[in-house]
Amino acid sequence: MFAQGFFAEIRIYDKSMTSAPRKIIIDTDPGVDDAMAIFAALASQELDVLGLTTVFGNAATDITTQNALTLLDIAGRSDIPVAAGAAAPLVGDYLGPVPQVHGHNGLGDAQVAASARSVTEQPAADFIYNLVAGDPGNVTLLAVGPLTNLAHALQRCPDLAAMVDEVVVMGGNALVPGNATPVGEANINNDPEAADLVFGASWQVTMVGLDVTHQVNLSGAALDRIAATNTPTAHLLGHAVPHYRSFFEATNGIDGIFVHDPTAVIALLEPDAFVMNDWPLRVETQSFSRGKTWPNMDNTDEAVPAAWQNRPPVKVCTGVDAERVGAAVEALLTASA
């Protein structure tokens, strides 16, 4: 049973805290909910966003990269670097954008001025490695898009896994259906080979997948409150979210939206709002179930089936205090600058 009472539980705005903010790199494919997650992370006093790395997914990488730069400009954080990443998965071709969900520009077709800034000279994989290696044990990777950049970083520098504090992934579906296909969640489905590599590496991974994000719903009233907030970030969301909201209301029959990527931010801040199970994971890369995340839940006759042998446990989120997480997301997105 979860403790009740948002204001009694959430610690995001506790200015008496003396510990240093947690250092994170956000690997992202902005994306409307990516924008919400980025703005939420920037608003938290408990997180220090070191940089953004971009990847294909909700839109092509050139668009997601421009969106990342623009979102940081809107948030008044042009000091944060952006590194452009993979334009295609490890195997095969990019499946293509999803304008029906995120609009043709990835930001719900909101009219935004392009950033005048440039990305770093380092590609995303090198950028990730260099930041982590410069402060080993103290940098967390928050991945809210396909996992190709993380896979590239591991392939180039296998020692990366030993230096990362934690990897928090918005993606996957352990016990529930997919959303990109009947069996696959969108981020994992975009690059199953990369996801299988990331889930099998010797770092701590927390999977915040559809098992919980399809339980967290920001209502239309909550979205309206966010849009009415007098900040540049809320103003952008007020123009970007309606297209995204229309998709969920028409497709899923809900009031408002499912809160995918921002839920992963709250998993960093409030892990006790989630039920987690330590299960080794494999990602299916073949046939019609390509993109499915399969946990070994120790419920088979064979103690460790061959495909899961020597795989590290992943913290798989299967339960959530949805009201608390939704309230935490709204609090961050309506916070004054």
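Draft legend 1. Representation of the confidence of the model for the chain. Averaged over all residues, the pLDDT of the chain is 93; the fraction at 70 or higher stands at 93%. For residues 1–17, every residue scores under 50 in pLDDT, and the model assigns this stretch 39 contacts once sequence neighbours within four places are set aside.

Draft legend 2. How the structure looks around the packing of helix α2 (residues 32–43) against helix α3 (residues 61–74). Relative to each other, α2 and α3 sit at 40°, their axes nearing to 11 Å. One element, α2, and the other, α3, form an angle in the oblique class. Classified by chirality, the crossing of α3 by α2 is right-handed. Facing α2, whose interface residues are Ala35, Ile38, Phe39 and Leu42, α3 presents Leu71, Leu72 and Ile74. Split by residue class, the contact of α2 with α3 holds 7 nonpolar, no polar and no charged.

Draft legend 3. Local environment of the layout of surface pockets. Taken as a whole, the largest pocket encloses approximately 530 Å³ of empty space. In this structure, the largest pocket is lined by 28 residues; those nearest its centre are Asn58, Val98, Val101, Asn179 and Ala186. Its residues placed into classes, the lining of the largest pocket shows 10 nonpolar, 13 polar and 5 charged.

Draft legend 4. Examining the pairing of strand β6 (residues 205–208) more closely. Residues Val205 and Met207 of β6 are buried on one face, and the alternating residues Thr206 and Val208, pointing to the opposite face, are buried as well. Pairing of strand β5 (residues 166–170) with β6 involves 4 bridges; the strand directions are parallel. Its bridge partner lying in β6, Val167 is registered against Val205.

Draft legend 5. Looking closely at the sheet that holds strand β1 (residues 22–28). Read from one edge of the open sheet, 9 strands run β3-β2-β1-β4-β5-β6-β11-β9-β10, paired in mixed fashion. The open sheet has two edge strands, β3 (82–83) and β10 (293–295), and neither has a second partner. Strand direction decides the pairing type here: β1 and strand β4 (residues 139–143), joined by 5 bridges, are parallel. Counted as the bridge partner of Lys23 is Val139 from β4. Sitting on the sheet, α3 touches β2 (47–54) and β3, and the angle it makes with β2 is about 155°.

About the cut-offs
- Residues numbered from 1 in each chain as written.
- Predicted model: local features only at pLDDT ≥ 70, side-chain atom pairs only at ≥ 80, totals over all residues.
- Heavy atoms only, no water.
- pLDDT = per-residue confidence, 0-100.
- Contact = heavy atoms within 4.5 Å.
- Axes fitted to C-alpha atoms, helices over the stretch in contact; angles between N-to-C directions.
- Helix = DSSP H or I, 4+ residues; strand = E, 2+ residues; numbered from the N terminus.
- Parallel < 35°, antiparallel > 145°, perpendicular 65-115°, else oblique.
- Left-handed = near helix turned anticlockwise from the far one by under 90°.
- Nonpolar A, V, L, I, M, F, W, Y, C, P; charged D, E, K, R; others polar.
- 1 Å grid on protein atoms, 1.4 Å probe; cavity = no way out; pocket = protein on both sides within 12 Å on 5 of 7 lines; lining within 4 Å.
- Points joined across faces, edges and corners; volume = space filled by probe spheres on them.
- Buried < 20%, exposed > 50% of the residue type's maximum accessible area, 1.4 Å probe, protein only.
- Pairing = 2+ DSSP bridges.

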